[in-house]
Amino acid sequence: MATTATTQKKTPSAKPKKVAPTTSVFVYKGVDKKGTKVQSEISGTSAALVKAQLLKQGIVVKSVSKKPKPLFGGGGKAVKPADIAVFARQMATMMKAGVPLVQAFDIVAEGVENPNLQKLITSIRDSVASGAGFAPSLREHPKHFDDLFCNLVEAGEQSGALETMLDRIATYKEKTEALKAKIKKALTYPIAVIVVAIVVTGILLVKVVPQFAETFGSFGASLPAFTLFVLHLSELAQEWWFIILVGLVGAVFALKEVHKRSPKFAFAVDRYMLKLPIIGQILFLSVMARFARTLATTFAAGVPLIDALTSVAGAAGNRVYQEVIIKVREDVSTGIQLNTSLRNHKVFPTLLVQMASIGEESGALDEMLDKVAVYYEEAVDNMVDSLTSLLEPMIMAVLGILVGGLMIAMYLPIFQIGQVV
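Because the structure is predicted, anything quoted here is derived from the model rather than measured.

Q: Would you mind going over the overall build of the protein with me for this structure?
A: Regarding its fold elements, the protein presents 16 helices and three strands. Relative to its full complement of 421 residues, the protein shows a buried share of 36%. Across the protein, contacts joining residues at least 24 apart in sequence account for 61% of those joining residues at least 6 apart. Carbon and sulfur atoms make up 62% of the accessible area of the protein, which totals about 24,800 Å².

Q: Help me out: how do you make sense of the side chain of Ser 234 in this one?
A: Looking at the element boundaries, Ser 234 is found in helix H9 (residues 225-261). Residue Ser 234 is classed as buried on the basis of its relative accessible area of 1%. Setting aside residues no more than four positions away along its own chain, Ser 234 makes contact with Leu 205, Val 209 and Pro 210.

Q: When you look at the packing of aromatic side chains in this model, what are you seeing that I'm missing?
A: In this description, a pair of aromatic rings is defined by centroid distance and the angle of the planes. Across all of its chains, the model carries eight aromatic pairs by this definition. Ring plane angle 70 degrees and centroid distance 5.2 Å describe the contact between Tyr 375 and Tyr 376, whose orientation is recorded as edge-to-face. Residue class for Tyr 375 comes out partly exposed when judged on its relative accessible area of 45%.

Q: Can you help me understand unusual backbone geometry in this one?
A: Most peptide bonds adopt trans geometry, and most residues besides glycine take a negative phi value. Phi at Ile 278 takes a positive value of approximately 65 degrees, unusual for a residue other than glycine. Located in the positive-phi region is Lys 346, a residue other than glycine, with phi close to 60 degrees. Summarising the element assignment, Lys 346 is placed in the loop between helix H14 (338-345) and helix H15 (350-362).

Q: Honestly, the pattern of salt bridges in this entry has me stumped. Any pointers?
A: All told, the structure shown has twelve salt bridges when counted by the stated rule. Notably, a salt bridge pairs Arg 89 with Glu 174, separated by 2.8 Å at the nearest N-O pair. With Arg 89 in helix H3 (residues 81-96) and Glu 174 in helix H8 (residues 162-216), this residue pair connects regions lying 85 residues apart in the sequence. The exposure class of Arg 89 is partly exposed, given its relative accessible area of 24%.

Q: Teacher, can you tell me more about the environment of Asp 370 here?
A: Considering the arrangement of structural elements, one finds Asp 370 in helix H16 (residues 365-420). When its relative accessible area of 32% is taken as the criterion, Asp 370 is described as partly exposed. Separated by 81 residues in the primary sequence, Asp 370 and Ala 289 place their C-alpha atoms 9.0 Å from one another. Apart from the residues within four sequence positions on either side, Asp 370 is in contact with Arg 293 and Ala 296. Polar contacts involving the side chain of Asp 370 include one to the side chain of Arg 293, which spans 2.6 Å.

Q: Please explain helix H11 (residues 279-300) as it appears in this structure.
A: Because each turn of an α-helix spans 3.6 residues, side chains separated by three or four positions end up pointing in the same direction. Helix length check: H11 (22 residues) gives 31 Å between terminal C-alpha atoms against 32 Å at 1.5 Å per residue, within 8%. Counting buried positions over the 22 residues of H11 gives 19, a clear majority of the element. Just downstream of H11 lies Gly 302, where phi reads positive at about 90 degrees.

Q: Any chance you could explain the nonpolar core here in plain terms?
A: When a protein is soluble and globular, its nonpolar side chains tend to lie buried together. The biggest cluster of nonpolar side chains holds 82 residues, and the ones touching the most others in it are Phe 134 and Phe 348. Of all the elements, H11 adds the most residues to this core, at twelve residues. For Phe 348, the residues in contact, after removing those within four places along its chain, are Met 288, Phe 291, Tyr 321, Val 324, Ile 325, Val 328, Leu 342 and Val 353.

Q: What is the right way to read the side chain of Thr 176 from this model?
A: Within the fold, Thr 176 resides in helix H8. Judged by relative accessible area, which is 8%, Thr 176 ranks as buried. Among the polar contacts made by the side chain of Thr 176, one reaches the main-chain carbonyl oxygen of Tyr 172 at a distance of 2.9 Å.

Q: Just checking my understanding: could you explain the packing of H3 against H8 for this structure?
A: Helix-helix packing is described using two parameters, namely the angle between the two axes and the distance between the axes. Put simply, H3 and H8 touch, their axes get as near as 8 Å, and they point 150 degrees apart. As far as their axial angle goes, H8 and H3 are roughly antiparallel. In this structure, H3 crosses over H8, and the sense of that crossing is left-handed. Residues Pro 81, Ala 82, Ile 84, Ala 85, Ala 88, Arg 89, Met 91, Ala 92, Met 95 and Lys 96 of H3 pack against Leu 162, Glu 163, Leu 166, Asp 167, Ile 169, Ala 170, Thr 171, Lys 173, Glu 174 and Glu 177 of H8. Class assignment of the residues belonging to the contact of H3 with H8 gives a composition of twelve nonpolar, one polar and seven charged.

Rules of the game
Residues numbered from 1 in each chain as written. Predicted model: local features only at pLDDT ≥ 70, side-chain atom pairs only at ≥ 80, totals over all residues. Heavy atoms only, no water. Helix = DSSP H or I, 4+ residues; strand = E, 2+ residues; numbered from the N terminus. Buried < 20%, exposed > 50% of the residue type's maximum accessible area, 1.4 Å probe, protein only. Contact = heavy atoms within 4.5 Å. Areas by Shrake-Rupley, 256 points an atom, 1.4 Å probe, with all protein chains shown as cover. Phe/Tyr/Trp six-rings, centres within 6.5 Å; stacked < 30°, edge-to-face > 60°. Salt bridge = Lys/Arg side-chain N within 4 Å of Asp/Glu carboxyl O. Polar contact = N/O pair within 3.5 Å; in protein donor to acceptor, adjacent residues only side chain to side chain. Expected span 1.5 Å × (residues − 1). Core = buried A, V, L, I, M, F, W, Y, C linked by side-chain atoms within 4.5 Å. Axes fitted to C-alpha atoms, helices over the stretch in contact; angles between N-to-C directions. Parallel < 35°, antiparallel > 145°, perpendicular 65-115°, else oblique. Left-handed = near helix turned anticlockwise from the far one by under 90°. Nonpolar A, V, L, I, M, F, W, Y, C, P; charged D, E, K, R; others polar.

Set out below in structure tokens:
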């Protein structure tokens with residue numbers, strides 16, 4: 001009997017794992033509490049559960065059906081971080097105006113043109129309406145809402161100051177996205193110049209130079225070395241242009257994948273980028289601005305300094321400084337002051353260290369860091385404008401050398417013949 005009882009106790013451990021039901025988008029029509037006809041979309045696992053969920057919201061359902069998938073593509077643009085910044089600002093405005101949370105989602109969703117963003121907001125709305133908190137609903141979408149965003153919303157819910165916290169989040173997202181846009185502008189400009197130069201050179205080698213080569217074949221005289229070099233390049237481009245193009249695209253894709261999958265390679269790239277002239281300084285200032293902005297926002301929200309530094313490390317945007325910030329967090333956890341740790345690592349500018357020191361002594365660390373963030377954001381803006389004005393004549397010079405060099409190579413034989421005649 002004892003053996004049987006023991007066996008019966010062990011058997012429950014072999015339960016099969018439950019498979020989570022898949023969520024689909026349903027289209028429904030119905031009537032709300034005021035008697036107004038409503039028609040919208042809602043996420044759910046089945047039509048029956050969707051009806052029950054709508055009934056809890058006071059909607060009498062007339063019809064529910066799965067939303068058909070589009071024939072071509074996924075439909076709509078991808079949800080970008082800038083869209084999340086706008087969403088945060090709109091939610092902050094609605095909450096400040098006293099609009100209930102669920103109704104605020106409806107209002108924001110109706111004004112969105114991107115179907116994917118509208119679907120995301122509707123999904124969060126449905127989760128909140130079913131009883132889940134705002135922060136847990138956001139955590140269901142980690143692709144669009146990072147830990148920093150969710151933690152700040154959770155702090156706002158717990159403190160009863162969600163509208164204030166949403167306003168801070170919106171300001172933070174707007175500032176960080178504006179900073180990212182400036183960095184992209186600084187990096188995209190020289191890359192665009194290189195791409196344009198390669199495309200123009202390729203067209204000239206494949207389409208224009210061969211026309212001159214046919215003419216040179218009837219000269220019966222030796223050609224200049226520079227002209228022969230360009231002709232050989234043209235023959236190479238005509239024969240292998242497709243392989244060269246595929247190779248360049250493949251190399252770019254491979255570098256992206258290696259950068260994504262290899263932390264060591266990504267660290268080396270980030271360290272090298274900081275050493276580049278002008279670009280490196282812009283990246284350094286942007287990291288300092290992001291550090292100050294994120295730490296000011298989290299600390300002002302009441303997040304403990306150690307936890308705030310964890311969020312700052314994740315939002316640093318550069319792996320070199322991410323590792324340094326993690327070491328700073330370890331120092332602070334042992335009782336060392338923030339400004340002392342920043343000074344000891346010797347990679348942070350004096351202004352940031354001194355302002356952090358003043359902020360810690362006066363008890364206004366968030367205000368001091370906010371001023372530092374504004375200063376470095378303006379510095380990045382000024383450097384990007386300077387880089388743009390500096391690159392404009394460089395673009396003309398590079399394109400002039402490439403195009404002019406090819407044309408000189410093609411006309412040299414003609415000039416020589418003219419001199420002989």
